[in-house]
Amino acid sequence: MFKQNKDGQLVYKQGKITRGFITPLANNRYAYSFGKPSQSNYVSFECDSLYAAKSKFLSIVEVR
C-alpha cells in the first residue's frame, strides 16, 4: 500500500518492510525507485505518468 510521506513521496510497504517509493518530478513526470527514501543510493526509473509509475513498480514488487 502506498502512503505519502512528508517529502511528498509515495512510499510502498509490504507489512513493515519498505519496498520502494514514487517521487514526483518536473513536467508531470514520476520516478519509481526501489529501496528506502532515506538510503543514499537506490535504483530509480522515470515514467510519463503516476499511473505508469505505479503499474510498473507494482508489477515488479507484487508477489503472486
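Notes on the structure follow.

Cut-off values and rules
- Residues numbered from 1 in each chain as written.
- Predicted model: local features only at pLDDT ≥ 70, side-chain atom pairs only at ≥ 80, totals over all residues.
- Heavy atoms only, no water.
- Core = buried A, V, L, I, M, F, W, Y, C linked by side-chain atoms within 4.5 Å.
- Buried < 20%, exposed > 50% of the residue type's maximum accessible area, 1.4 Å probe, protein only.
- Helix = DSSP H or I, 4+ residues; strand = E, 2+ residues; numbered from the N terminus.
- Contact = heavy atoms within 4.5 Å.
- Polar contact = N/O pair within 3.5 Å; in protein donor to acceptor, adjacent residues only side chain to side chain.
- Salt bridge = Lys/Arg side-chain N within 4 Å of Asp/Glu carboxyl O.

To continue, consider the nonpolar core. Formed by Phe2, Leu10, Tyr12, Ile22, Tyr32, Cys47, Ala53, Phe57 and Val61, the largest nonpolar core amounts to 9 residues. Taken together, the elements giving at least two residues each to this core come down to strand 2 (10–14) and helix 1 (50–61). Here this core gets 3 residues from one element, more than from any other, and that element is helix 1. Setting aside chain neighbours within four positions, we find Cys47 in contact with Arg29, Tyr30, Tyr32, Ala52, Ala53 and Lys56.

It is worth spelling out the side chain of Ser33 at this point. Here Ser33 lies in strand 4 (residues 30–34). Of the polar contacts made by the side chain of Ser33, one reaches the side chain of Ser44; its length is 3.1 Å. With near-sequence residues (within four places) excluded, Ser33 lies in contact with Arg19, Gly20, Phe21, Tyr42, Val43, Ser44 and Phe57.

Turning to the pattern of salt bridges, a few remarks are in order. If you walk through the whole model with that rule in mind, you get 2 salt bridges. With a closest N to O distance of 3.1 Å, Glu46 and Arg29 form a salt bridge. Here Glu46 is found in strand 5 (residues 43–47), whereas its partner Arg29 is found in the loop between strand 3 (17–24) and strand 4, with 17 residues between them in sequence. Residue Arg29 is joined to Asp48 by a salt bridge in which the shortest nitrogen-to-oxygen separation is 2.3 Å. In this pair, Arg29 sits in the loop between strand 3 and strand 4 while Asp48 sits in the loop between strand 5 and helix 1, placing the two residues 19 residues apart along the sequence. Judged by its relative accessible area of 57%, Asp48 falls in the exposed class. Shared partners join several salt bridges into a network, and the residues in it are Arg29, Glu46 and Asp48.

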